[in-house]
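What follows is each chain in one-letter form.
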Amino acid sequence: MQFMLLFSRQGKLRLQKWYVPQADKEKKKITRELVQTVLARKPKMCSFLEWRDLKVVYKRYASLYFCCAIEDQDNELITLEIIHRYVELLDKYFGSVCELDIIFNFEKAYFILDEFLLGGEAQETSKKNVLKAIEQADLLQEPRHEYFNVPVY
Amino acid sequence: MPAVSKGDGMRGLAVFISDIRNCKSKEAEIKRINKELANIRSKFKGDKALDGYSKKKYVCKLLFIFLLGHDIDFGHMEAVNLLSSNKYTEKQIGYLFISVLVNSNSELIRLINNAIKNDLSSRNPTFMCLALHCIANVGSREMAEAFAGEIPRILVAGDTMDSVKQSAALCLLRLYKASPDLVLMGEWTSRVVHLLNDQHMGVVTAAISLITCLSSKNPDEFKTCVSLAVSRLSRIVSSASTDLQDYTYYFVPAPWLSCKLLRLLQCYPPPEDGAVKGRLVECLETILNKAQEPPKSKKVQHSNAKNAILFEAISLIIHYDSEPNLLVRACNQLGQFLQHRETNLRYLALESMCTLASSEFSHEAVKTHIETVINALKTERDVSVRQRAADLLYAMCDRSNAKQIVAEMLSYLETADYSIREEMVLKVAILAEKYAVDYSWYVDTILNLIRIAGDYVSEEVWYRVIQIVINRDDVQGYAAKTVFEALQAPACHENMVKVGGYILGEFGNLIAGDPRSSPLVQFNLLHSKFHLCSVPTRALLLSAYIKFINLFPETKATIQEVLRSDSQIRNSDVELQQRAVEYLKLSSIASTDVLATVLEEMPPFPERESSILAKLKKKKGPGAVSVELEDGKERGELNGGADRGGEAAIAASNASTPSPSSDLLGLRSAAPVGGPAPSAGSLLVDVFSEAGPAASSTRVNDDGFLSSAPPSAASEDPAPPLPESDELLNKFVCKNNGVLFENQLLQIGIKSEYRQNLGRMYLFYGNKTSVQFVSFTTTVSCPGELQSQLNVQTKPVEPLVEGGAQVQQVINIECLTDFVDAPLLNIKFRYGGALQNITLKLPVTINKFFQPTEMAAADFFQRWKQLSQPQQEAQKIFKASHGMDTEVLKAKLLGLGTALLENVDPNPENYVCAGVIQTKIQQVGCLLRLEPNAQAQPGEQMYRLTLRSSKDTVSQRVCDLLAEQF
């Protein structure tokens, strides 16, 4: 996988993960182009498209689009399930995840992704094992004076 | 609404994020961000030392700002400080910041690497994982230099925790992709391969990605992974849906690992060990069987995971391309998917079938789905699916269904998405040409193409139809009639006018007998379009008019009238004005004989590869176009303009360098010929009066210009290959270095080396004289289908070679698939004013890409038997041209690139060899047996040479090459 983008229906980028080096300018260009392309597609259309010399696999969950760019020999369907597994992981961790969780806890979204995918390849596909790793990390920290639940908005 | 906040809530961060979200405008957001940046900056600069928590919070805010799309130019140091915190979350945020905002600041890199080094040696698995994630996320060369030696050790160490192994494997993969030269597996290779046997599925899942990447680059070193992968796959495929616990995904056992295993196997040819192969075939059959079973769940995740494995298995079957039974089953399965209600499956089935269509075993099976595919082209609502359907129709097209497919594609073009029209047009044009039995169908098709999608018909397409009409006299009359009818339409595309102008100018006489298309009617029809056309088209029409004067003297007065009108002869466009002036003069002063000679019918174009195909290849990248034109035999490069330039060499006009490529008919008319327009007329007259008898060999070029090859060497056509070039090529079949060619002037030496499917060749051009060579140019070209089989790259050499000097040229060669012809090397230079033009065959032959394969007698004979189909074998019996010296024979066989297998053949006189030919898209195993009858009298000594390989073309080619060596 070359990169993964999460963006909202309004085209706001919520998470970006690049597995091949790209200049910042190029990243912005790619993001803009791809967000436009994907948002222009109708709901019943297929989840794959050719884009430049890559294959793009995307799926919408509620208000968020999850979008992966993979190489020619990569498997589209299994990528679709990579997305789904990541959504399941987020869901389990946050408890019925929504876009706001990812906005306010973006660092967690990145940590979970790193446990699941590394270098663009599946590192650990067991839901239990990924969550165990994250929860262990959470246990490693100590309560602080400024520790509150995130306020309700 | 965030229901929970796990771990550490950073309240300040949450407040900041919600502030940003509440901003009503972009300006307000920027204002809020600048305020925050100022705050953070002052905190970082302040005298009070920040505690870890605050540092983490501010670094995290900076990260958030950066991810919003704003630039961040500070905070890196604070992030690096966090790395050495012993609090996990602080370290974690530090690493995240570094991963996202790597800075090439060398001072920082050193600090970061130090922190990573400490964490790697901490023996704390969570810290080690964080450090490895950071390396994998950044993947920079500096990091590879620092850690590429250490990570393999962590990966294979017995006491490394599973989670650390997983991170280490993928970390190494990332470093290998970025800096392959720094990651050396060496002694670790076998232990890394054996990770496939690890009992922890997660470790296998991670490690296999690394192994696949390494295998694809060094298949030989990693080939033991094949049997391990097969047995792992077999265990997964035969396990019950609950056996693998959490690695079962919606009732599908380990789908990710299965896909990766099948992907790894695609780096290799079918297993040579019969037992392994049997087990693998069983797996593939089981996977195909499971596709027919009722689903265990209605969830789309279940079917996606299951089908992901199925598609990967089909890819493997296609890659092997040797099991007809599996290929046909795969095709039937895909056929079912073509009508599936899931759009995704229809898309993938169309895509996968495209590759199946090119296998000889399944081509017919694919063809049976033609109606479904046509229907998809008409009814799919998603353009990307329709595109796949069009691709598949193109791939499945052959002589039997070409008319139907071309008709369907044409009718689809009328409504096709704009983004794909140009490609569709090229494909229709290629199919129409390739499968044209009668050329009137071809002409109809191309004219239809122009009518339906004129804007998307590129120059190459209409150039090509003209080339073909000129070369085939059986279709010229029909073409003239059809184009005449097409031009009757009140609004016709400019491309139609171009084709019409050209064809009527050449062949209008063939329909002039009919009063409905008399010369004047033809002329008036063409001229009625004149004023709506662009300048290049008008220029072309003017050339058609002068040809009319020659063909039909009765039109002379009318046409001269037109040429003489102010709108022509005083046209503000220099090109048009010049043509009008020249043609008017030509028609008034030249005698009918001279006129007839100058305007003689165009001679046939040399056969060459279709320019359209070249264009499609360019569009899609090499290798993407599997259809090759049958008449595109060995030919030089596409240099249409120059072809004609050579013929008119004696004419004295001095400009108009024929453009070296793409402008196939030389119709690009921008460059005026004879200097500024006012003098052009007299220049032309001068030419005729002075040239005298030479005028008879002068021709009006395609674009109506007199032109000549300028005296530069480069514009001369490459000479045909020297008669002895095949012999020279044969000298290099079994050796890589030597002198390729020598005459009194020039010596060409070669050194070459090959590895896998890549080769590098050094050519040394030696000037044997004491005089310099000027305009020294060398061109390497891949004629015909070789273009899609070999990728050859060169850098130009200096145009001056001093007397006695030697220049060197490097040629990089990539073998994409097996091939027969050799690339052509053309050398041109001037020696004392005389042009030297030599074409040789570059000694790149398929056997250069052999990897020797050692095997025991039993394996050899088993393989030999497996390759028993008649087309897999090639055999030659031939007389010995040299003595039968054992050592010489052995040296030659080794030079071929194969492994010479001792103690295999029961007859010790015989030689057997084995090797694998490495190409980019596949590997072809090859076995060889050479039987000499050494006892016979000298002069009657014979050999029998037998080649067997999984690919018929390879057997034949290697056999042909080798038979010349003894």
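Note that this is a predicted model, so its numbers are computed, not measured.

Rules of the game
- Residues numbered from 1 in each chain as written.
- Chains lettered and ligands numbered in written order.
- Predicted model: local features only at pLDDT ≥ 70, side-chain atom pairs only at ≥ 80, totals over all residues.
- Heavy atoms only, no water.
- Helix = DSSP H or I, 4+ residues; strand = E, 2+ residues; numbered from the N terminus.
- Buried < 20%, exposed > 50% of the residue type's maximum accessible area, 1.4 Å probe, protein only.
- Contact = heavy atoms within 4.5 Å.
- Areas by Shrake-Rupley, 256 points an atom, 1.4 Å probe, with all protein chains shown as cover.
- Pairing = 2+ DSSP bridges.
- Salt bridge = Lys/Arg side-chain N within 4 Å of Asp/Glu carboxyl O.
- Buried area = accessible area lost by both parts, 1.4 Å probe.
- Polar contact = N/O pair within 3.5 Å; in protein donor to acceptor, adjacent residues only side chain to side chain.
- Nonpolar A, V, L, I, M, F, W, Y, C, P; charged D, E, K, R; others polar.
- Expected span 1.5 Å × (residues − 1).
- Axes fitted to C-alpha atoms, helices over the stretch in contact; angles between N-to-C directions.
- Parallel < 35°, antiparallel > 145°, perpendicular 65-115°, else oblique.
- Left-handed = near helix turned anticlockwise from the far one by under 90°.
- Core = buried A, V, L, I, M, F, W, Y, C linked by side-chain atoms within 4.5 Å.
- Phe/Tyr/Trp six-rings, centres within 6.5 Å; stacked < 30°, edge-to-face > 60°.
- Lys NZ or Arg CZ within 6 Å of the ring centre and 35° of its normal.

Undergrad: So what exactly am I meant to see when it comes to the overall build of chain B here?
TA: A tally of helices and strands in chain B yields 40 helices and 16 strands. When each of the 966 residues of chain B is scored for burial, the buried share is 58%. Put simply, of all contacts in chain B between residues at least 6 apart along the chain, 69% involve residues at least 24 apart. Taken as a whole, chain B presents about 39,800 Å² of accessible surface, with 51% of it coming from carbon and sulfur.

Undergrad: What am I meant to see in the pairing of strand S4 (residues 746-755) of chain B here?
TA: Note on strand geometry: in a regular strand, side chains alternate between the two faces of the sheet. All names here are of chain B. With four bridges joining them, strand S3 (residues 738-742) and S4 adopt antiparallel strand pairing. Bridge pairing in S4 links Glu 742 to Gln 747. Hairpin connection of S3 to S4: three residues between the antiparallel strands. Here S4 pairs with strand S5 (residues 758-767) via 10 bridges, running antiparallel. By the bridge assignment, Ile 748 is partnered in S5 with Tyr 765. Between S4 and S5, which pair antiparallel and follow one another directly, the connecting turn spans two residues, one of which, Gln 756, has a positive phi of 50 degrees.

Undergrad: Any chance you could explain the pattern of salt bridges here in plain terms?
TA: Between side chains of opposite charge, a pair can form when the charged atoms approach closely. Applying the stated rule across the entire model yields 44 salt bridges over all chains. Between Lys768(B) and Glu742(B) there is a salt bridge, with the nearest N and O atoms lying 3.1 Å from each other. On the criterion of sequence distance, the pair formed by Lys768(B) in the loop between S5 and strand S6 (773-781) and Glu742(B) in strand S3 is long-range, its members being 26 residues apart. Given a relative accessible area of 44%, Glu742(B) falls into the partly exposed group. Through salt bridges with shared partners, one network takes in Glu50(A), Arg388(B), Asp391(B), Glu423(B) and Lys427(B).

Undergrad: Looking at this structure, how should I read the interface of chain A and chain B?
TA: Think of interface size as the accessible area that goes away when the parts come together; that is how it is often given. Taken together, the contacts link 70 residues of chain A with 79 residues of chain B. Surface buried jointly by chain A and chain B totals about 6,700 Å² across both partners, of which 55% is contributed by carbon and sulfur atoms. Taken together, the connections running from chain A to chain B amount to three salt bridges. Among the ionic pairs, Arg41(A) bridges to Asp382(B), the shortest N-O distance being 2.8 Å. Seen at the junction of chain A and chain B, the total is 27 residue pairs in polar contact (both at pLDDT 80 or more). At 11 residues, the largest contribution of residues to the side of chain A that touches chain B is made by helix H2 (residues 76-94) of chain A. Grouping the amino acids of the side of chain A that touches chain B by side-chain chemistry returns 31 nonpolar, 12 polar and 27 charged.

Undergrad: Would you take a moment to explain the environment of Phe507(B) for this structure?
TA: Residue and element names in this part refer to chain B. Take Phe 507: it is sitting in helix H27 (residues 494-507). You can call Phe 507 buried: its relative accessible area is 3%. For Phe 507, the contacting residues outside a window of four places in its chain are Val 469, Ile 470, Gln 476, Ala 480 and Glu 601.

Undergrad: Would you explain the side chain of Thr845(B) in this entry?
TA: Residues and elements named next belong to chain B. One can find Thr 845 in the loop between strand S10 (834-841) and strand S11 (850-852). Relative accessible area serves as the criterion here: at 1%, Thr 845 is assigned to the buried category. Within the structure, Thr 845 has its side chain in polar contact with the side chain of Asn 847 (distance 2.6 Å). Excluding residues within four positions of it along the chain, Thr 845 makes contact with Leu 729, Val 733, Phe 819, Arg 957 and Leu 961.

Undergrad: So what exactly am I meant to see when it comes to helix H32 (residues 574-589) of chain B here?
TA: Think of an α-helix as 3.6 residues a turn; residues three or four steps apart then line up on the same face. Residues and elements named next belong to chain B. Across its 16 residues, H32 extends 22 Å between first and last C-alpha, which sits within 8% of the 22 Å expected from 1.5 Å per residue. For H32, the complete set of buried residues consists of Glu 575, Leu 576, Gln 578, Arg 579, Ala 580, Glu 582, Tyr 583, Leu 584, Leu 586 and Ser 587. Among the residues of H32, the N-terminal cap falls to Asp 573, whose side-chain oxygen and the backbone nitrogen of Glu 575 are separated by 3.0 Å.

Undergrad: In this structure, what is going on with the packing of H27(B) against helix H29 (residues 535-551) of chain B? I would like to understand it.
TA: Two numbers describe a pair of packed helices, the interaxial angle and the distance between the axes. Residues and elements named next belong to chain B. Viewed as axis vectors pointing N to C, H27 and H29 meet at an angle of 20 degrees, and their least axial separation amounts to 8 Å. Considering their axes alone, H27 and H29 lie roughly parallel with respect to each other. The chirality of how H27 crosses H29 is left-handed. The residues of H29 that touch H27, namely those facing Glu 494, Val 497, Lys 498, Gly 501, Tyr 502, Leu 504, Gly 505 and Glu 506, are Thr 537, Leu 540, Leu 541, Ala 544, Lys 547, Phe 548 and Leu 551. Looking at the contact of H27 with H29 residue by residue, the classes come out as eight nonpolar, three polar and four charged.

Undergrad: Quick question: what am I supposed to make of the nonpolar core here?
TA: It is characteristic of soluble globular proteins that their nonpolar side chains tend to be buried jointly. The biggest cluster of nonpolar side chains holds 281 residues, and the ones touching the most others in it are Tyr86(A), Ile116(B) and Leu449(B). What Tyr86(A) contacts, discounting residues up to four positions off in sequence, is Met4(A), Leu6(A), Leu15(A), Phe66(A), Ala109(A), Ile112(A), Leu113(A) and Phe116(A). Counting 61 residues, the second-largest nonpolar core is a separate cluster that includes Leu728(B), Leu745(B), Leu840(B) and Tyr911(B).

Undergrad: When you look at the packing of aromatic side chains in this model, what are you seeing that I'm missing?
TA: Each aromatic ring pair is summarised here by two numbers: the centre-to-centre distance and the angle between the ring planes. Residues and elements named next belong to chain B. For the structure on display, the rule yields 32 aromatic pairs over all chains. Ring centres of Phe 819 and Phe 849 lie 6.2 Å apart, and the angle between their planes is 75 degrees; this geometry places the pair in the edge-to-face category. With Phe 819 in the loop between strand S8 (806-815) and strand S9 (824-831) and Phe 849 in the loop between S10 and S11, the pair connects residues that are 30 residues apart, well separated along the chain. Each of the two residues, Phe 819 as well as Phe 849, counts as buried. Through pairs of rings, three or more aromatic residues link up here, namely Tyr 765, Phe 773, Phe 776, Phe 829 and Tyr 831. Its guanidinium or amino end placed over the ring of Phe 74, Arg 41 lies 4.4 Å from that ring's centre, counting from NZ or CZ.

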